[in-house]
Amino acid sequence: MNDCLFCKIAAGEIPSTKVYEDETVLAFRDIAPQAPTHVLVIPKKHVSGWADAAGEDDATLAHMWRVAAAVAKSENIVDSGFRIVSNCGTDAQQTVKHLHLHVLGGKAMAGEMA
Ligand code: AMP
């Protein structure tokens, strides 16, 4: 998608601090981290959100969760615990309309999720 920030990051047109990359998925550090570890996992293909995902993307979307877990391992936050968050739409404060998982860890987080 032409004017999508995360599409530009996936294409290397905007720099990012990459944590993991393969053919379908990219993980990079959030520019405004909300925890000592704050990594975003995105599909390289533009998908606006979970509600817009098509069946043909199932393998990529499932793979994102495995990559998120692998990031947690490489960041050494599995034993202490981590959180995977995906904001969807206005009420959830989604600011970038390209589907992504936040992998957060390295501190004790609030018990409330909303
Ligand atoms: P959300 O608000 O759930 O849509 O998440 C979007 C995330 O993208 C926010 O946590 C932002 O800090 C992050 N972000 C915005 N621009 C960049 C960028 N250029 N590189 C890395 N992360 C970014």
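Residues numbered from 1 in each chain as written. Predicted model: local features only at pLDDT ≥ 70, side-chain atom pairs only at ≥ 80, totals over all residues. Heavy atoms only, no water.

Visitor: Can you break down the pairing of strand E2 (residues 25–29) residue by residue, with the values?
Guide: Along any regular strand the residues' side chains alternate between the sheet's two faces. Within E2, four of the five residues are buried, which leaves it mostly tucked inside the rest of the structure. Examined bridge by bridge, strand E1 (residues 18–21) and E2 share three bridges and lie antiparallel to one another. By the bridge assignment, Glu-21 is partnered in E2 with Leu-26. Two successive antiparallel strands, E1 and E2, enclose a turn made up of three residues. Two elements, E2 and strand E3 (residues 37–43), share five bridges in a ladder whose sense is antiparallel. (Buried < 20%, exposed > 50% of the residue type's maximum accessible area, 1.4 Å probe, protein only. Helix = DSSP H or I, 4+ residues; strand = E, 2+ residues; numbered from the N terminus. Pairing = 2+ DSSP bridges.)

Visitor: Describe the state of the cysteines, listing the residues and the values that go with them.
Guide: This model, assessed by the stated rule, comprises zero disulfides. With no disulfide partner, Cys-4 has as its closest neighbouring cysteine sulfur the one in Cys-7, 3.7 Å distant. (Disulfide = S-S within 2.5 Å.)

Visitor: Can you lay out the side chain of Asp-30 for me, pointing to particular residues and giving the numbers?
Guide: One can find Asp-30 in the loop between E2 and E3. Here Asp-30 is buried and forms no salt bridge, its nearest opposite-charge partner Arg-29 lying at an N-O distance of 11 Å. Within the structure, the side chain of Asp-30 is placed 2.8 Å from the backbone nitrogen of Ala-32, a separation counted as a polar contact. Those residues within four positions of Asp-30 in sequence are excluded, and the remaining contacts are His-38, Val-39, Leu-40 and His-102. (Lys, Arg positive; Asp, Glu negative; His and termini not counted. Salt bridge = Lys/Arg side-chain N within 4 Å of Asp/Glu carboxyl O. Polar contact = N/O pair within 3.5 Å; in protein donor to acceptor, adjacent residues only side chain to side chain. Contact = heavy atoms within 4.5 Å.)

Visitor: Tell me about the pattern of salt bridges, and name the residues and values.
Guide: Under the counting rule described, the total for this entry stands at five salt bridges. The salt bridge involving Arg-29 is made with Glu-75; its shortest N-O contact spans 2.8 Å. Taken together, the residues Arg-29 in strand E2 and Glu-75 in the loop between helix H2 (58–74) and strand E4 (82–85) connect sequence positions 46 residues apart. According to the relative accessible area criterion, Arg-29 is partly exposed, its value standing at 36%. Residues Lys-45 and Glu-56 are paired through a salt bridge, measuring 2.8 Å at the closest nitrogen-oxygen approach. One end of the pair, Lys-45, is in the loop between E3 and H2; the other, Glu-56, is in the loop between E3 and H2, and 11 residues separate them in sequence.

Visitor: Tell me what's going on with the site of the ligand, and back it up with residues and numbers.
Guide: Around the ligand there are 16 residues in total, and Asp-30, Asn-87, Thr-95, His-100 and His-102 lie nearest to it. Val-96 is positioned with one of its backbone polar atoms (N or O) 3.0 Å from an oxygen atom of the ligand. Across the complex, the protein chains shield 84% of the 500 Å² of accessible surface that the ligand would expose by itself. Looking at the shell around the ligand, the elements that each hand over two or more residues are helix H1 (5–10) and E2. Each residue belonging to the shell around the ligand can be placed in one class, and the counts come to eight nonpolar, six polar and two charged. (Near = heavy atom within 4 Å. Areas by Shrake-Rupley, 256 points an atom, 1.4 Å probe, with all protein chains shown as cover. Nonpolar A, V, L, I, M, F, W, Y, C, P; charged D, E, K, R; others polar.)

Visitor: Describe in detail the sheet that holds E4, supporting the description with residues and values.
Guide: Taken in spatial order, the five strands of this open sheet run E1-E2-E3-E5-E4, and their pairing is antiparallel. Each edge of the open sheet is held by one strand with a lone partner, namely E1 and E4. The sheet shows a mean angle of 15 degrees between the axes of neighbouring strands, direction not considered. On the sheet, H2 packs against E1, E2, E3, E4 and strand E5 (101–105) and is oriented at approximately 160 degrees with respect to E3. (Axes fitted to C-alpha atoms, helices over the stretch in contact; angles between N-to-C directions.)

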